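# A structural walkthrough
Listed below are the residues making up each chain.
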Amino acid sequence: MEIIKGGERLSSIKDSISRNVACCRYAMENSCRVRLMGKGQITSGYVSRVTWDDMEDLITIKTGDTHKNFYGSEIATVRLIE
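Residue indices follow the written sequence of each chain, beginning from 1 at its first position. Note on the predicted model: pLDDT of at least 70 is required for a residue's local features to be given, and 80 or more for side-chain atom pairs to be given and counted; whole-chain, interface and lining totals, by contrast, use all residues. To obtain the side-chain values, all non-hydrogen atoms of the structure were included, while hydrogens and water were left out.

## What about the overall build of the protein?
Under the scheme used here, helices are H or I runs from DSSP no shorter than 4 residues and strands are E runs no shorter than 2 residues, and both carry numbers assigned from the N terminus. Check the secondary structure of the protein and you find one helix and seven strands. Shown N-terminal to C-terminal, the secondary structure of the protein runs as helices and strands in the order β-β-α-β-β-β-β-β. Note on classification: 1.4 Å probe, protein chains only; a residue is buried when its accessible area is under 20% of the maximum for its type, exposed when over 50%, partly exposed between these limits. Residues classed as buried in the protein amount to 28% of the 82 residues present. Residue contacts are defined here by distance: any two heavy atoms, one from each residue, within 4.5 Å place the two residues in contact. In the protein, once contacts between residues fewer than 6 apart in sequence are set aside, the share between residues at least 24 apart is 44%.

## Regarding the side chain of T43
Structurally, the position occupied by T43 is in strand β4 (residues 41–53). The exposure class of T43 is buried, given its relative accessible area of 3%. Residues in contact with T43, not counting those within four places in the same chain, are V34, R35, L36, I61, T63, K68 and F70.

## Examining the side chain of D57
One can find D57 in strand β5 (residues 56–63). Those residues in contact with D57 that sit more than four places away from it in its chain are V21, R25, T51, W52, F70, Y71 and G72.

## Here's the deal with the nonpolar core
Residues belong to a common nonpolar core when they are buried Ala, Val, Leu, Ile, Met, Phe, Trp, Tyr or Cys residues joined through side-chain atoms within 4.5 Å. Core analysis: the largest hydrophobic core is formed by 14 residues, its most contacted members being V47, I59, I61 and V78. Elements represented by at least two residues in this core include exactly α1 (10–29), β3 (33–38), β4, β5 and β7 (75–80). Sorting elements by how many residues they give to this core places α1 first, with four residues. Among residues more than four places away in sequence, those in contact with I61 are V34, L36, T43, S44, G45, Y46, V47, T66, H67, K68 and F70.

## Considerations on unusual backbone geometry
Even without a glycine there, the phi angle at S31 is positive, about 50°. Of the residues examined, S31 reaches a relative accessible area of 59% and is grouped as exposed. Although it is not a glycine, D54 sits at a positive phi angle of roughly 55°. The topology assignment puts D54 in the loop between β4 and β5. Residue D54 is classed as exposed on the basis of its relative accessible area, which comes to 67%.

Structural data, given as structure tokens:
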């Protein structure tokens, strides 16, 4: 039985979350710059940390002098830009 949530297949949502987190982890390990869309905004910077926080992956992006935190489910897309 297939579960649909918000008009999207639940399996697709889980796949996209794990794909985005894997991309962030790769960027962190290889010092690549990323551009991600999450929380209704576009953020560019370097991934400084990927941790497991209370049932979900937490990604920290360093954007200049500030750090922004995103949960895996809050990220719509991630792209390597360097």
